[in-house]
Amino acid sequence: MGVSSNRVEDFSSHHETSVRMSPASAEAVMVVAMPPVEIHRVCLPPSKTTFQKLRQRLSEIFFPDDPLHRFKNQSSFTKLVLALQFFFPIFHWAPTYSLALLRSDIISGLTIASLAIPQGISYAKLANLPPIIGLYSSFVPPLIYSILGSSRHLAVGPVSIASLVMGTMLNNAVSCSADPILYLKLAFTATFFAGLFQAALGLLRLGFIIDFLSKATLVGFMAGAAVIVSLQQLKGLLGIAHFTTKMQIVPVLTSVFQQRHEWSWQTIVMGFGFLAFLLITRQISMRRPKLFWVSAAAPLTSVILSTLLVFLLKSKLHGISIIGHLPKGLNPPSSNMLYFHGSYLAVAIKTGIITGILSLTEGIAVGRTFAALRNYQVDGNKEMMAIGFMNMAGSCSSCYVTTGSFSRSAVNYNAGAQTAVSNIIMASTVLVTLLFLMPLFHYTPNFILAAIIITAVIGLIDYEAAYKLWKVDKLDCFACLCSFFGVLFISVPLGLAIAVGVSVFKVLLHVTRPNTMVLGNIPGTQIYQNPSRYREAMKVPSFLILAVESPIYFANSTYIQERILRWVREEEEQIQANNGNALKCVILDMTAVTAIDTSGIDAICELRRCWRKDHFSLCWQIPLEM
């Protein structure tokens, strides 16, 4: 490729393109004593039909990883085996499974079960659901994921953010205390639509939609949600019976101080005592990762100790609220409770989609994090389908939205999990609990559940990531702050919507206002760079070389045209002020322009017609594929 102010000639006999420089251009190059420009012949791209171009484009968009490449040149039986391994990853690793792997998975499965049982009960209350629903959700979904999931370390179950969002959105439409049956129906229905949405994203390979939840958005959203969740748990830690159901910081704090007469000193002493114990064990495990089991066992240990204290001192401790009766037995079917008609269907669909996106984002991020540590691949589309089908099955077996939890997955990884069998071991432990141990939780106090939730969500406040956003990208930091304060002062869904809006605005800003710059020659070379970044770069007299660093299409063609005209005007003013050589040619470096549509072509042609009247030329350097 080369720069030409006259033409690009096509020698069809050789199917090559020759680019020649005009005498004016060559004369200008000689001024800066550059070596002669070597002219290269570049072949034209192979000719393709419209159908072939469309097929290639769709393949690049939806199948960038070419998932069917393993099926090429294989026998029918091999293709059947590969298909089973593709849709059911358990068939990929099960044939090579060994007793050594089972030993590691049993240890990790029992370890995460000790964390999943108290967290399941706690997160169900966070979603305003009966505590038993949290245990149901820690039994069926992990079994489904162990068959369909591709991550070896993802520990599946209820999570705090999805529980908070579901509880907030459904409670705004239906009171969980006034009509608990309808509320439960909507929760199961929202779970079904969350799974349907997730599975559809995976099947249609539309996972890029969740990328609109940028890291900056999630950092702010999770921090705001963690603050709100922690403040909401003051109800359990202080022993308050009448507490606001709103999820904004002002109503929550107002309710805390307005109900001072309901504070229970016994609840406060034991609640904050166990909270301090949980936070200390968390710090121990963070500072010494080999002691991961300390924080993993702390929640279940706290539940056992607090339950024993309340049971032994029940005659002396008054006003301490407890969980109460929990039914024994397996998950009852709930397909008959799915709410597919009525005035609240839209609420269930909206709740399902939002919680589905959040849980999907968290689950895939966690799975990829631990896959990178062990150097194996996690297929994002398979994970979407696995999590989606898992939630759809869960909605028919009395479960609510579940996904991969970071805290449980970290414990699973540190405990030495080797395969998804650790989820099966965890689910089996929950099964034993459901069948035989439920009466033991009768006297479990609510303050210990509040302490467990606070300990779990406090890790979502990542102030180091927020500071890094401020140092690297102020607009990202602004999106983070919008998400954080939106959740705190407006509502959880609207706070998330505001943050997504800011992120989308940032994308549109980069699309519609692309970067353009002036280039100068580095003496003694044929390299052209931005003089503001390379001090030795010098402008070529009588030439203005501009670089456009984005595709040119209808959304930004007008801006690029106006910005180029401004560069030319400023260059002419500078030449006039310095009594320099008159501007003769504008060169557009379009090597970074990956695509151009008809609007972009019209804008470039308009510039050429405009400057032809001013007696100076326009030429451009382009990649031949355009």
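Up top is the structure.
Residues numbered from 1 in each chain as written. Predicted model: local features only at pLDDT ≥ 70, side-chain atom pairs only at ≥ 80, totals over all residues. Heavy atoms only, no water.

### Notes on unusual backbone geometry
Right, on to step 1. The backbone of Ser-398 sits at a positive phi, close to 60°, despite the residue not being glycine.
Right, on to step 2. For Ser-398, the location among the structural elements is in the loop between α16 (380-395) and β5 (403-404).
Right, on to step 3. A positive phi angle, close to 70°, is found at Ser-542, a residue other than glycine.
Right, on to step 4. Under the relative-accessibility criterion, Ser-542 is labelled buried at 13%. (Helix = DSSP H or I, 4+ residues; strand = E, 2+ residues; numbered from the N terminus. Buried < 20%, exposed > 50% of the residue type's maximum accessible area, 1.4 Å probe, protein only.)

### Description of the side chain of Gln-85
Right, on to step 1. Residue position: Gln-85 is located in helix α3 (residues 76-87).
Right, on to step 2. Look at Gln-85 and you get buried, because its relative accessible area is 17%.
Right, on to step 3. Filtering out sequence-adjacent residues up to four positions away, Gln-85 remains in contact with Arg-70, Phe-91, His-92 and Lys-382. (Contact = heavy atoms within 4.5 Å.)

### A closer look at the packing of helix α15 (residues 345-374) against helix α17 (residues 406-414)
Right, on to step 1. Contact geometry for α15 and α17: axes closest at 10 Å, N-to-C directions at 20°. The pairing of α15 with α17 is recorded here as roughly parallel in orientation. Classified by chirality, the crossing of α17 by α15 is right-handed. The residues of α17 that touch α15, namely those facing Glu-362, Val-366, Phe-370, Leu-373 and Arg-374, are Phe-406, Ser-409, Ala-410 and Tyr-413.
Right, on to step 2. Class assignment of the residues belonging to the contact of α15 with α17 gives a composition of six nonpolar, one polar and two charged. (Axes fitted to C-alpha atoms, helices over the stretch in contact; angles between N-to-C directions. Parallel < 35°, antiparallel > 145°, perpendicular 65-115°, else oblique. Left-handed = near helix turned anticlockwise from the far one by under 90°. Nonpolar A, V, L, I, M, F, W, Y, C, P; charged D, E, K, R; others polar.)

### Here we look at the pattern of salt bridges
One side chain can pair with another of opposite charge once the charged atoms of both are near each other.
Right, on to step 1. Using the criterion set out here, one finds five salt bridges in the structure.
Right, on to step 2. Ionic pairing is found between Arg-566 and Glu-570, a salt bridge with its closest N-O pair at 2.9 Å. Remark: Glu-570 and Arg-566 occur in helix α23 (residues 557-578); sequence separation between them is four residues, near one turn of the helix.
Right, on to step 3. Since its relative accessible area comes to 39%, Arg-566 is described here as partly exposed.
Right, on to step 4. What makes Glu-570 partly exposed here is its relative accessible area of 30%.
Right, on to step 5. A salt bridge links Arg-609 to Glu-606, with the nearest nitrogen and oxygen atoms 2.8 Å apart. (Salt bridge = Lys/Arg side-chain N within 4 Å of Asp/Glu carboxyl O.)

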